[in-house]
Amino acid sequence: MGAEAPGSGPALRELLREAETSLLECKVCFERFGHRQQRRPRNLPCGHVVCLACVAALAHPRTLALECPFCRRACRGCDTSDCLPVLHLLELLGSALRPAPAADRVAPCGPGALTCHHAFGGWGTLVNPTGLALCPKTGRVVVVHDGKRRVKIFDSGGGCAHQFGEKGDAAQDIRYPLDVTVTNDCHVVVTDAGDRSIKVFDFFGQIKLVVGGQFSLPWGVETTPQNGVVVTDAEAGSLHLLEVDFPEGVLRRTERLQAHLCSPRGVAVSWLTGAIAVLERPLALGTGACSGTVKVFSANMQLIGQVDTFGLSLFLPSEITASAVTFDHQGNVIVADTSSQAVLCLGKPEEFPVLKPLITHGLSHPVALVFTKEKSLLVLDSAAHSIKVYKVDWG
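Residues numbered from 1 in each chain as written. Predicted model: local features only at pLDDT ≥ 70, side-chain atom pairs only at ≥ 80, totals over all residues. Heavy atoms only, no water.

Draft legend 1. Local environment of the overall build of the chain. Looking only at helices and strands, the chain features 5 helices and 29 strands. A total of 395 residues make up the chain; the buried ones form 51% of that total. Pairs at least 24 residues apart make up 45% of the contacts formed inside the chain by residues separated by at least 6 positions. About 18,300 Å² of surface is accessible on the chain, with carbon and sulfur atoms providing 53% of the total. (Helix = DSSP H or I, 4+ residues; strand = E, 2+ residues; numbered from the N terminus. Buried < 20%, exposed > 50% of the residue type's maximum accessible area, 1.4 Å probe, protein only. Contact = heavy atoms within 4.5 Å. Areas by Shrake-Rupley, 256 points an atom, 1.4 Å probe, with all protein chains shown as cover.)

Structure representation (structure tokens):
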């Protein structure tokens, strides 16, 4: 009578994991809700729920005025209240939600791994950042985020040099930026999910070109060694190459490089080989979770390497959720993993997968990766609203 139904154990674990991700996590800071003061779930008048710490961070220090980070409805910090259903659910699930220690999820790194030397940005300076790029000429760091001015440029010391890209509905405004790249001649290219367009600015923020009406949902964007721009279209399942006369602000040619991709998002180009890596993130049926596949194409668009999250999970004791992809200076494919808050090296495409953890602690929700000319790795951590700079530690 007390026998457990077959498969009920794994099903229960999956249900707990889904509840933890969908219901019990603040979607601003990605921290677990809790009974402690700073992590208490708070209802906004619009119905969205964030933790008390994020209410305090979002609210104006004098007037307590704030905007919901999801629907933009205005309210005041004092208008919020405890979300009793979430608190009751936390109490009901209790110890079943205690996560495994972070050190157990990914193997520790040895000498030659990357260690964090400093970070910049932070809440207020950046708000829910989504994309990261490096200017090849100046070395300045470009980030797109959810602030009033969507593009923020930092100098090499982490100070804000300038910002542009007003939040608005005009053609030159940026509604909802997803990714950014900087061309060889210092033009800033942004994918805007708000009006499903690609917007090109000079480095001082003057609009040069808007490419609209050609994409269903432009997502990832990257510059090629020939100063072209590759763009993924997540809804159309395609990869495109744009050839642009940037000084004149003229689109010369658009070519579809790949079709029949599954929700392609992140894209990276190897300056060593010209290879293009695409991160597919299709929704797993019936789970609400995203699986992932990294596909690498040669410069002439032949598939030369492919690995999915299931294959990667065979090497580690936890599920992997790839959120970003890049190449290092040797042509190795590097991915960010939000499940274990880690950065992993997959090796060269023809050797897939040769898995080596590069960063195993200090990250909360990595969403973008860029290597500098000095071989430092910049990681955009959206939960910390900051850029973290990692360098090789030979220990």
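Draft legend 2. Seen up close, the pattern of salt bridges. One pass over the structure, following the stated rule, counts 14 salt bridges. Here glutamate 255 ties to arginine 253 by a salt bridge, and the two come within 3.1 Å at their closest N and O atoms. On the accessibility criterion, glutamate 255 (30% relative accessible area) is partly exposed. It is possible to trace a salt-bridge network through shared partners that takes in Arg40, Arg42 and Asp82. (Salt bridge = Lys/Arg side-chain N within 4 Å of Asp/Glu carboxyl O.)

Draft legend 3. How the structure looks around the sheet that holds strand E9 (residues 149-154). With antiparallel pairing, the 4 strands of this open sheet are ordered in space as E7-E8-E9-E10. The open sheet has two free edges, formed respectively by strand E7 (131-134) and strand E10 (160-166), since each of these has just one partner strand. Mean inter-strand twist for the sheet, computed between neighbouring axes without regard to direction, equals 20 degrees. With 5 bridges connecting them, E9 and E10 associate as antiparallel partners. (Pairing = 2+ DSSP bridges. Axes fitted to C-alpha atoms, helices over the stretch in contact; angles between N-to-C directions.)

Draft legend 4. Here's a closer look at the state of the cysteines. This structure, assessed with the given rule, holds 0 disulfides. The thiol of cysteine 75 is unpaired, and the distance to the nearest cysteine sulfur, on cysteine 46, comes to 6.6 Å. (Disulfide = S-S within 2.5 Å.)

Draft legend 5. Highlighting the layout of surface pockets. Each pocket or cavity is described by its volume, and for the second largest pocket that value is around 470 Å³. Surrounding the second largest pocket, 16 residues form its lining, Leu58, Glu67, Arg72, Val127 and Lys148 being those nearest its centre. Examining the composition of the lining of the second largest pocket, we find that 3 residues originate from one element, strand E3 (residues 65-67), more than from any other. Partitioning the lining of the second largest pocket into residue classes produces 7 nonpolar, 4 polar and 5 charged. (1 Å grid on protein atoms, 1.4 Å probe; cavity = no way out; pocket = protein on both sides within 12 Å on 5 of 7 lines; lining within 4 Å. Points joined across faces, edges and corners; volume = space filled by probe spheres on them. Nonpolar A, V, L, I, M, F, W, Y, C, P; charged D, E, K, R; others polar.)

Draft legend 6. Expanded view of the sheet that holds strand E13 (residues 197-201). Within the open sheet, the 4 strands sit side by side as E11-E12-E13-E14. Their pairing is antiparallel. Looking at strand neighbours, the two that pair on one side only are strand E11 (177-182) and strand E14 (207-212), the edges of this open sheet. Along the sheet, successive strands turn relative to each other by an average axial angle of 15 degrees, direction set aside.

Draft legend 7. View of empty space enclosed by the protein. Applying the stated criterion across every chain yields a total of 1 cavity of 30 Å³ or more. Of the pockets and cavities examined, the largest cavity occupies roughly 40 Å³. Contributing elements (two or more residues each) for the lining of the largest cavity: E13 and strand E17 (238-245). Classifying every residue of the lining of the largest cavity by side-chain character gives 8 nonpolar, no polar and no charged.

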